[in-house]
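# Observations on the three-dimensional arrangement
Letter by letter, the chains look like this.
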Amino acid sequence: MTGNIAAEVIFERDRLLVSSVLPSGHVLEVGFADWLYSAPSVDGHASIPVAYAELYGLAALDPKLWVRSDDGGDRQELSLPLLLRQVDIRTSAEFSERVQSLRDRMTDSEAVRFAARRLLMTPDSRFDDRAAAICAIGYRIVEARDTQDSDIDFLRSAARETLAMAPRTERYARWITSVTMVLTYVAILLRDADETEAQLIETLSYRPFLPQLSLLHTNFSRCNLLLSLIRAARHDTVGAYAALDDIDQVFRIGVRSSWIDDNVRGRSQYSEIFAVMKVAQLADDLKAGLAVAAEEGRMAEFAASTALTSISPIVKSLQVDGHWTAVLAQISASKSATSNRRKAEEAAAISAARQGLPAPAPEGDDLSRRIETWLSNEIGHEFADAVTAFRKDVADALCRDDMSFAQQAGVRLAGLFAHEAGLRQRLMVSWPTLRMLGDARLLTGCLMALDAPDAAYRSLRDQTAWCKHVLATYPVSGSADYDNAALFVFTGQLSYLVANRYLVPQQRHVADRSIPQDFAKTFRRVFKDEQLQVKVTHIIETLTP
């Protein structure tokens, strides 16, 4: 009777709908814990609505589906749809896997909302789980971009209750700032300028915890950027510059305290570093434009015209739909009465800043500086030429399967890194050269991987630590630098994966089914040579356990 019968579930905002194509004379039944619901087949279809209110208080949903004949005959159990099994969340681990996970979580937005609301209505639920549930609902509210979303009031109430549970300590800082950042985005969606600024400032009040919690630096950099534009709209030049300047510090502190060299926890932080780097690049661009806008008295226009599309999909959607622009317009309008005074203060501040510039250096000092710059450039160029030549040699060896080159490559690589360490104190190596050096070590590790895996692992493990130090040390300025630094991060991530997924496999990375595809995609992004791609792919496939 049930061979071809399957049930479908649809999660709506206030109810669950269970339905099935069913022959006449039969009844569909669905059970949750001690609750039982049924509906007869009508015109070959049965449908059962279940109000969420009756399910929120259940410790376990324990869903079951049956079909029976309406004359009281035997009842036969149906297989559960995947989504119905997924929402039966009973532990913190299950909530993390099915709601928070970036790779395996439920994709149905209303099902996620139901699971999150159910957790928030559960007495004695853990603070971390509650905060994660708030974020799950909040981001889906913003993604839906509905200012009348029925979950907004519930979200804000749950956030207040949850934040009241946690003291301002390192233990809770990560999740507190995740919640306040979501509340920021919801406030932007609602075009509430005061609440937007208040939540940004509240988030940044946890900035002192950054060295201990590198996971926060993505939120802090985005907060600083948004706050700088709010201050620009208010004609607060000094405040806007201060927020922009802090983004570089957030980036470097975040990198220094990151886990990118941790063989188990490091993988996800490469993407975080890349995300913050995009914010830092925009901040650099804004500084130059801000100075001109301040002189011309058009700070508010400058803030409103700044494109935020590269920051994150959420921020992009809020700007494209006009919510962020409306927030800036409110702030600018609220300060119109004092705009003339602000402009006068700005002009005085700019004039004072210019008067405070150091006097031109004496001619002799200028000559010394030019000589030093020339020497630095010459040394840097010689080193760059040596790195470029070595990278080509090791790539050629890989392409012709010349594994005998590995020993010579290891010796030359060690010499280049010793040279870079000596030049690093004076920052005499350019970003294109740093990128090429990182490429060379990755390719050398691949060359050694099959015949000398231990040496390859040590070299690539050292690469991740070196990447961390370089990113925290070398300044990045201009689009060319940022382009090369981004590729440098990708090369570091590739080195990390070869070391910790393929040479000395860590169970966490072996279990992550997305890594092979991500590795291939990133390698093609960094290395355009198709023959090199084929050779390295073969090595990786050979190493795959």
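Check the entry above for the structure.
In this report, we go over the structure that sits alongside the text. (Residues numbered from 1 in each chain as written. Predicted model: local features only at pLDDT ≥ 70, side-chain atom pairs only at ≥ 80, totals over all residues. Heavy atoms only, no water.)

A word on the overall build of the protein chain. When helices and strands are tallied, the protein chain shows 22 helices and seven strands. C-alpha extents for the protein chain along the principal axes are approximately 105 × 75 × 40 Å. Across the 545 residues in the protein chain, those meeting the buried criterion constitute 51%. By sequence separation, contacts in the protein chain at least 24 residues apart represent 69% of the contacts at least 6 residues apart. For the protein chain, the accessible area works out to roughly 25200 Å², and carbon and sulfur atoms hold 51% of it. Considering the protein chain, the positive charge centre built from 61 side chains and the negative charge centre built from 71 side chains are found 2 Å apart. (Helix = DSSP H or I, 4+ residues; strand = E, 2+ residues; numbered from the N terminus. Buried < 20%, exposed > 50% of the residue type's maximum accessible area, 1.4 Å probe, protein only. Contact = heavy atoms within 4.5 Å. Areas by Shrake-Rupley, 256 points an atom, 1.4 Å probe, with all protein chains shown as cover. Lys, Arg positive; Asp, Glu negative; His and termini not counted. Charge placed at Lys NZ, Arg CZ, Asp CG, Glu CD.)

Looking now at the pairing of strand S6 (residues 63-69). Counting buried positions along S6 yields five of seven residues, so the element is predominantly enclosed. Across four bridges, the pairing between S6 and strand S7 (residues 75-78) is antiparallel. Bridging across to S7, Leu65 finds its partner in Leu78. Linkage of S6 to S7, two consecutive antiparallel strands, is achieved through a turn of five residues, within which Gly72 is found at a positive phi near 85°. (Pairing = 2+ DSSP bridges.)

Attention shifts here to the sheet that holds S7. Pairing is antiparallel across the open sheet formed by four strands, whose spatial order is S4-S3-S6-S7. Every other strand in the sheet has two partners, leaving strand S4 (35-40) and S7 as the edge strands with one partner each. Strand-to-strand twist across the sheet, computed as the mean angle between neighbouring axes with direction ignored, equals 25°. (Axes fitted to C-alpha atoms, helices over the stretch in contact; angles between N-to-C directions.)

On to the environment of Val504, then. Its location among the elements puts Val504 in the loop between helix H19 (479-503) and helix H20 (507-510). Take Val504: its relative accessible area is 34%, and that puts it in the partly exposed class. Expressed as a C-alpha distance, the spacing of Val504 and Asp454, which sit 50 residues apart in the sequence, is 8.7 Å. Dropping the residues within four chain positions of it, Val504 is found in contact with Tyr457 and Ala499.

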